[in-house]
Amino acid sequence: MKYEYVVVGAGIAGLTMAERIANVLGKKVLVIEKRNHIGGNIYDSYNEDGILIHNYGPHIFHTNDKEVYDYLSRFTKWNDFWHRVLTCVDGNLIPMPITLETINALYHTDFTPEQMEQFLKEKAVDIPEIKTSKDVALSKVGEEIYEKFFENYTKKQWGLDPALIDTSVISRIPVRYNRDTRYFTDRYQGMPKHGYTKMCEAMAASPNIRLLLNTDYKEVIEDISYDMLIYTGPTDYFYDYRYGKMAYRSLDFVFETHDTEEYQPAPVVNYPNDYDFTRITEFKKLTGQKHAKTTILKEFPKGEGEPYYPFPTKEYREQFARYQEEMKKETKVRFLGRLAEYRYYNMDAVVRSALNLFESLRG
Ligand code: FAD
Ligand code: UDP
């Protein structure tokens with residue numbers, strides 16, 4: 001079999017590349033995917049009760065990158081959606097991230113933004129050089145809030161103390177001196193009107209795209225000749241673990257359907273200090289679907305299993321640097337996406353990376 005372009009992985013990274021190759025270059029492209037569906041981790045589907053769920057955890061699209069938003073908007077319309085999260089602290093459900101509402105609810109105060117700033121300034125720990133996620137939190141909010149909101153959630157999610165984790169992880173969560181309780185403040189936010197899978201199907205609709213599902217690329221790649229392979233799977237697997245296995249954090253997803261219209265007061269409720277799961281998502285509150293029943297998801301972090309999150313520590317960054325030396329030498333292979341680039345990317349960053357790669361291949 002001969003294809004000019006082969007893409008491994010039908011997640012948002014692989015599909016963006018395939019779509020561009022098929023529709024802009026007008027070339028045939030083979031997409032090889034080991035799962036039985038496209039979409040990678042943004043895949044969603046209707047469960048047996050007819051409720052739309054996100055099979056791999058809650059996905060909310062948000063970006064400040066207009067080009068990425070415009071690009072995806074060719075394949076879907078959006079439902080306007082501002083994501084909100086509550087977190088269970090001291091038995092109360094309190095807005096997350098840390099805003100004026102959070103502080104006032106936690107301390108039963110009625111601070112103004114200026115008073116909140118002053119209050120946190122007094123609590124914050126002076127750390128001359130911020131090196132870890134723990135430093136990030138302590139320097140912004142101090143010991144008490146760190147312990148209540150961040151320490152145990154992070155230990156559960158990563159199996160590591162925040163003092164061992166890169167600054168980038170807890171830095172994802174802002175502190176705001178106002179009443180804006182939205183989880184994200186990006187300019188463009190939304191949920192695909194008919195779901196992510198429908199959006200992905202529209203991306204893969206070109207007759208130039210051939211999809212091979214249920215296939216690990218290693219089973220077939222010897223029989224395919226290509227000029228360029230775009231690889232979006234785990235890089236250590238590509239190199240047969242030459243420099244050892246990379247760590248990825250995995251999750252067990254446990255879905256429950258309840259015979260009640262509503263389960264909780266927000267789309268996502270975090271449980272930093274109770275239970276073995278990190279958070280509960282109620283899908284109808286993300287999708288806006290109306291239904292007499294409701295489906296929720298509990299996420300239980302674990303070390304082994306499907307790779308979902310690259311591991312945010314110095315040790316693994318250094319290990320990955322050895323793979324990167326090999327990746328640079330490839331002339332017929334490009335590495336793209338959360339797994340292959342070993343980066344804690346959101347969807348929009350993956351699409352950005354794919355659009356950039358496409359432009360560089362075009363020359
Ligand atoms: P993937 O979606 O992982 O796709 C890679 C594909 O390659 C997979 O389908 C895999 O089966 C396939 N593959 C791997 N190895 C092989 C092989 N050997 N042969 C063939 N195929 C192979 N981002 C947001 O922007 N907002 C959110 O709210 C958000 N929430 C998230 C929640 C969770 C629980 C998780 C895990 C991620 C979340 N993300 C979110 C991140 C988002 O899922 C990723 O940025 C995005 O899906 C990555 O796309 P990708 O194509 O790089 O990787
Ligand atoms: N985090 C936390 N407490 C929370 C929410 C998040 O400590 O209530 C930390 C935790 O380390 C987590 C990181 O912030 O891994 C990023 O959170 P985000 O909600 O972005 O995680 P994701 O949705 O990517 O799993």
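The structure presented is a predicted model; accordingly, all values stated were derived computationally and were not measured.

### Looking at the pairing of strand β12 (residues 248–258)
Regular strands place side chains that alternate from one sheet face to the opposite one.
Part 1 of the reasoning: Sheet analysis places β12 next to strand β16 (residues 309–310), joined by two bridges and oriented antiparallel. Pairing of R249 across the sheet is with Y309, part of β16.
Part 2 of the reasoning: Across nine bridges, the pairing between β12 and strand β15 (residues 294–302) is antiparallel. By the bridge assignment for β15, T257 is matched with T295.

### What about the environment of E201?
Part 1 of the reasoning: Here E201 shows up in helix α7 (residues 196–203).
Part 2 of the reasoning: Taking the relative accessible area as the measure of exposure, E201 reaches 39% and is therefore partly exposed.
Part 3 of the reasoning: In the structure, E201 is positioned 186 residues away from L15 in sequence and 9.2 Å away in space, judged by C-alpha atoms.

### Here's the deal with the environment of T132
Part 1 of the reasoning: One can find T132 in the loop between α4 (113–123) and α5 (133–158).
Part 2 of the reasoning: On the basis of relative accessible area, T132 is assigned to the buried category, the value being 14%.
Part 3 of the reasoning: Among the polar contacts listed, one links the side chain of T132 to the backbone nitrogen of K134, at a separation of 3.3 Å.

### Some remarks on the site of ligand 2
Part 1 of the reasoning: Of all residues adjacent to ligand 2, which total 15 residues, the nearest are T154, R172, Y183, Y309 and Y344.
Part 2 of the reasoning: Contact distances for ligand 2 include 3.0 Å between an oxygen atom and a side-chain N or O atom of W158.
Part 3 of the reasoning: Within the complex, 93% of the 530 Å² of free accessible area of ligand 2 lies under protein.
Part 4 of the reasoning: At six residues, α5 tops the list of elements feeding residues into the shell around ligand 2.
Part 5 of the reasoning: In terms of residue class, the shell around ligand 2 is built from ten nonpolar, three polar and two charged.

### Remarks on the nonpolar core
Part 1 of the reasoning: The biggest cluster of nonpolar side chains holds 110 residues, and the ones touching the most others in it are L72 and F150.
Part 2 of the reasoning: If one sorts the elements of this core by residue count, α5 sits on top with nine residues.
Part 3 of the reasoning: Apart from the residues within four sequence positions on either side, F150 is in contact with M96, I98, A137, V141, I145, I170 and I173.

### Brief notes about the packing of aromatic side chains
Part 1 of the reasoning: What the rule picks out here adds up to 33 aromatic pairs.
Part 2 of the reasoning: Ring geometry for Y231 against F238: centres 5.0 Å apart, planes inclined by 55 degrees, an arrangement best described as tilted.
Part 3 of the reasoning: A relative accessible area of 1% places Y231 in the buried class.
Part 4 of the reasoning: Through a chain of ring-to-ring contacts, the aromatic side chains of Y217, Y231, Y237, F238, Y239, Y241, Y243, Y323 and F335 assemble into a single cluster.
Part 5 of the reasoning: Above the plane of the ring of Y344 lies R172, whose end atom (NZ or CZ) is 3.9 Å from the centre.
Part 6 of the reasoning: One residue, K332, lies across the ring of Y226, its end atom 4.9 Å from the ring centre.

Reading guide: rules and limits
Residues numbered from 1 in each chain as written. Chains lettered and ligands numbered in written order. Predicted model: local features only at pLDDT ≥ 70, side-chain atom pairs only at ≥ 80, totals over all residues. Heavy atoms only, no water. Pairing = 2+ DSSP bridges. Helix = DSSP H or I, 4+ residues; strand = E, 2+ residues; numbered from the N terminus. Buried < 20%, exposed > 50% of the residue type's maximum accessible area, 1.4 Å probe, protein only. Polar contact = N/O pair within 3.5 Å; in protein donor to acceptor, adjacent residues only side chain to side chain. Near = heavy atom within 4 Å. Areas by Shrake-Rupley, 256 points an atom, 1.4 Å probe, with all protein chains shown as cover. Nonpolar A, V, L, I, M, F, W, Y, C, P; charged D, E, K, R; others polar. Core = buried A, V, L, I, M, F, W, Y, C linked by side-chain atoms within 4.5 Å. Contact = heavy atoms within 4.5 Å. Phe/Tyr/Trp six-rings, centres within 6.5 Å; stacked < 30°, edge-to-face > 60°. Lys NZ or Arg CZ within 6 Å of the ring centre and 35° of its normal.

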